Amino acid sequence: LGRIRQGCGMVVNSLREILRHPEAGLDFQTAVDFAPEIDPDLVLLVDGEGKVVQSRLHPRLDRMTRDRRAALIPTSVADLSWYRRISEGEVWQGRHLSPFLHKTTEKSSYDPADYSFALAFAVPTAKPGSFGAVYWLMPWTEIQQVLDRTAKFLREKAGFKSAEVFLCNEQGQYLAHTDRAF
């Protein structure tokens, strides 16, 4: 998770320049692609008023649903809780069905690939004290891979032959587990 946080944070300076000087024509796509080893499903660049000024859906997402998903990207996020908290500097959204990728988020799914997590970073704008944001929506499978690598290390290098690794929420519900049956 630290690697993901660091990679996302690295591009904040570039994105700040895009928000401060939109007339300069700096390339959002290039800035997003600069993040090393980060492979988000969606990136949003939001101005100080909550308006989405740039977005990028990952090309790996199903081409058959691409237009439908693009239509789910809002023009404003000003009323969303993560944006209202952006002045904190960094906002984490745990495992969820993203309204930016799924028409119905009230459903549940047994497929971890349907889920996402997100990090949002404050991006200072040209107006003093005003913050825009960059929102990175990551596939939940990234978390699953971290657990799998950790379990492999514990089994092969640390000598814990039957090690299992899992992640729970505050209520004790399993969110991810190396044993996919959980």
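Residues numbered from 1 in each chain as written. Predicted model: local features only at pLDDT ≥ 70, side-chain atom pairs only at ≥ 80, totals over all residues. Heavy atoms only, no water.

Thoughts on the overall build of the protein
Moving on, step 1. Helix and strand counts for the protein stand at six helices and seven strands.
Moving on, step 2. In the protein, the order of α-helices and β-strands from amino to carboxyl end is α-α-α-β-β-α-α-β-β-β-α-β-β.
Moving on, step 3. For 182 residues, the compact-globule formula gives about 16 Å, and the C-alpha radius of gyration of the protein, at 18 Å, lands near that figure.
Moving on, step 4. The dimensions of the protein, computed from C-alpha atoms along their principal axes, are 55 × 35 × 30 Å.
Moving on, step 5. Per-residue burial for the protein yields a buried fraction of 41% across its 182 residues.
Moving on, step 6. Put simply, the protein shows about 10,300 Å² of open surface, and 52% of that area lies on carbon and sulfur atoms.
Moving on, step 7. Positive and negative side-chain charges of the protein, numbering 23 and 23 respectively, have mean locations separated by a distance of 2 Å. (Helix = DSSP H or I, 4+ residues; strand = E, 2+ residues; numbered from the N terminus. Rg over C-alpha atoms; globule rule 2.2 N^0.38 Å. Buried < 20%, exposed > 50% of the residue type's maximum accessible area, 1.4 Å probe, protein only. Areas by Shrake-Rupley, 256 points an atom, 1.4 Å probe, with all protein chains shown as cover. Lys, Arg positive; Asp, Glu negative; His and termini not counted. Charge placed at Lys NZ, Arg CZ, Asp CG, Glu CD.)

Section: the pattern of salt bridges
Proximity of charged atoms lets side chains of opposite charge pair with each other.
Moving on, step 1. In total, this model carries two salt bridges according to the counting rule given.
Moving on, step 2. The closest approach of N and O atoms between Glu 17 and Arg 16, which form a salt bridge, is 3.9 Å.
Moving on, step 3. Among the residues examined, Glu 17 registers a relative accessible area of 28% and is labelled partly exposed.
Moving on, step 4. According to the relative accessible area criterion, Arg 16 is partly exposed, its value standing at 22%.
Moving on, step 5. A salt bridge links Arg 155 to Glu 164, with the nearest nitrogen and oxygen atoms 3.6 Å apart.
Moving on, step 6. Look at Glu 164 and you get partly exposed, because its relative accessible area is 41%. (Salt bridge = Lys/Arg side-chain N within 4 Å of Asp/Glu carboxyl O.)

Section: the side chain of Asp 47
Moving on, step 1. Assignment of secondary structure puts Asp 47 in the loop between strand 1 (42–46) and strand 2 (52–57).
Moving on, step 2. Of the side chains with opposite charge, Lys 51 comes closest to the buried, unpaired Asp 47, at an N-O distance of 5.5 Å.

Quick look at helix 2 (residues 12–20)
Moving on, step 1. Every buried residue of helix 2 is accounted for by Val 12, Leu 15, Ile 18 and Leu 19. The buried residues of helix 2 occupy one face: seen down the axis, they fall within an arc of 115 degrees.
Moving on, step 2. Buried residues along helix 2 sit in contact with helix 1 (2–10), helix 3 (28–33), strand 1, strand 2, strand 4 (116–124) and strand 5 (131–139). (Arc of directions from axis to C-beta. Contact = heavy atoms within 4.5 Å.)

Overview of the pairing of strand 2
Moving on, step 1. Here five bridges tie strand 1 to strand 2, and the two strands are oriented antiparallel to one another. From the neighbouring strand, Leu 45 faces strand 2, where its bridge partner is Gln 54. (Pairing = 2+ DSSP bridges.)

Some details on the confidence of the model for the protein
Moving on, step 1. With 95% of its residues at a pLDDT of 70 or more, the protein has an overall mean of 84.
Moving on, step 2. Mean pLDDT in the protein bottoms out at helix 1, which sits at 76, and peaks at helix 5 (residues 81–84), which reaches 93. (pLDDT = per-residue confidence, 0-100.)

A word on the side chain of Arg 56
Moving on, step 1. The residue Arg 56 is located in strand 2 in this model.
Moving on, step 2. Of the polar contacts made by the side chain of Arg 56, one reaches the side chain of Gln 29; its length is 3.4 Å.
Moving on, step 3. Excluding its chain neighbours within four sequence positions, the residues that come into contact with Arg 56 are Phe 28, Gln 29, Val 32, Asp 33, Pro 40, Asp 41, Leu 42 and Val 43. (Polar contact = N/O pair within 3.5 Å; in protein donor to acceptor, adjacent residues only side chain to side chain.)

Remarks on helix 6 (residues 141–156)
Moving on, step 1. Helix length check: helix 6, at 16 residues, gives a terminal C-alpha distance of 22 Å against a target of 22 Å (1.5 Å per residue), a fit within 8%.
Moving on, step 2. Among the residues of helix 6, Glu 142, Ile 143, Gln 144, Leu 147 and Ala 151 are the ones counted as buried.
Moving on, step 3. Where the residues of helix 6 are buried, they touch helix 1, strand 3 (90–96), strand 4, strand 5, strand 6 (166–168) and strand 7 (174–177). (Expected span 1.5 Å × (residues − 1).)

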